[in-house]
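Reading the structure
Spelled out, the chains give:
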Amino acid sequence: MRPDAEQVWKNDEIRSRFNRYFSIIKKEKIARYLITKKIPITIELDESIPIEKLWSEHQRARGKFNKLLQELDAQQDPQKYYQKSDTPKVSFLDLKIEIANRILQNCHFCERECNINRENEKGTCRLGKDAYVSSWFHHMGEEAPLIPSGTKN
Ligand code: SF4
């Protein structure tokens, strides 16, 4: 470990700017992506559901997500509260995955807005439906508060 990666957390300004990040490291708060796994979805996620309906469910789930985030942040022991809460079969995270897959069908993931179907076409990025991770490693070259950072290519 680079020595400055630990030293940096003794700096008040860094701690206040990365407050949530620091709290997650200390297990005092729960990462947002984990909270999405606890939010139930009330619609079936099948291909017949129009994207507009998925987005409106996303809006509804977002409200529940914000409520649970506040509840967890208010807990003395958020880890315990998180572990005890029910995990739905189909979650807000699954809904996000479904929406992401729909976006691939008319790809506008980035500012290029190629609007192609990545199932059988390639846009400017040359990526198809499946993007592969060729390597994953702990990258130590970022700024001190961000290392080690999980990096993939
Ligand atoms: S460059 Fe790739 S990710 Fe961006 S819109 Fe085009 S196909 Fe989608």
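Thresholds applied
- Residues numbered from 1 in each chain as written.
- Predicted model: local features only at pLDDT ≥ 70, side-chain atom pairs only at ≥ 80, totals over all residues.
- Heavy atoms only, no water.
- Core = buried A, V, L, I, M, F, W, Y, C linked by side-chain atoms within 4.5 Å.
- Buried < 20%, exposed > 50% of the residue type's maximum accessible area, 1.4 Å probe, protein only.
- Helix = DSSP H or I, 4+ residues; strand = E, 2+ residues; numbered from the N terminus.
- Polar contact = N/O pair within 3.5 Å; in protein donor to acceptor, adjacent residues only side chain to side chain.
- Contact = heavy atoms within 4.5 Å.
- Near = heavy atom within 4 Å.
- Nonpolar A, V, L, I, M, F, W, Y, C, P; charged D, E, K, R; others polar.
- 1 Å grid on protein atoms, 1.4 Å probe; cavity = no way out; pocket = protein on both sides within 12 Å on 5 of 7 lines; lining within 4 Å.
- Points joined across faces, edges and corners; volume = space filled by probe spheres on them.

Okay, the nonpolar core next. Judged by nonpolar contacts, the single largest core of 17 residues is most densely connected at I35 and F92. Of all the elements in the fold, those that place two or more residues in this core are α5 (51-73) and α7 (92-104).

What follows concerns the side chain of R102. Turning to its location among the elements, R102 is positioned in helix α7. Of note is the side chain of R102, whose polar atom sits 2.9 Å from the side chain of E98. Contacts of R102, omitting those with residues within four sequence positions, involve D46, E47, I49, P50, I51 and L54.

On to the site of the ligand, then. Around the ligand, the surrounding shell consists of C107, F109, C110, R112, E113, C114, R118, G123, T124 and C125. The class makeup of the residues in the shell around the ligand is five nonpolar, two polar and three charged.

A volume near 330 Å³ is recorded for the largest pocket. As for the largest pocket, its lining consists of Y21, I24, I25, K27, K29, I30, A31, Y33, L34, Q79, Y82 and Q83. Of all the secondary structure elements, the ones that give two or more residues to the lining of the largest pocket are α3 (19-25), α4 (32-36) and α6 (78-84). Tallied by class, residues from the lining of the largest pocket come to eight nonpolar, two polar and two charged.

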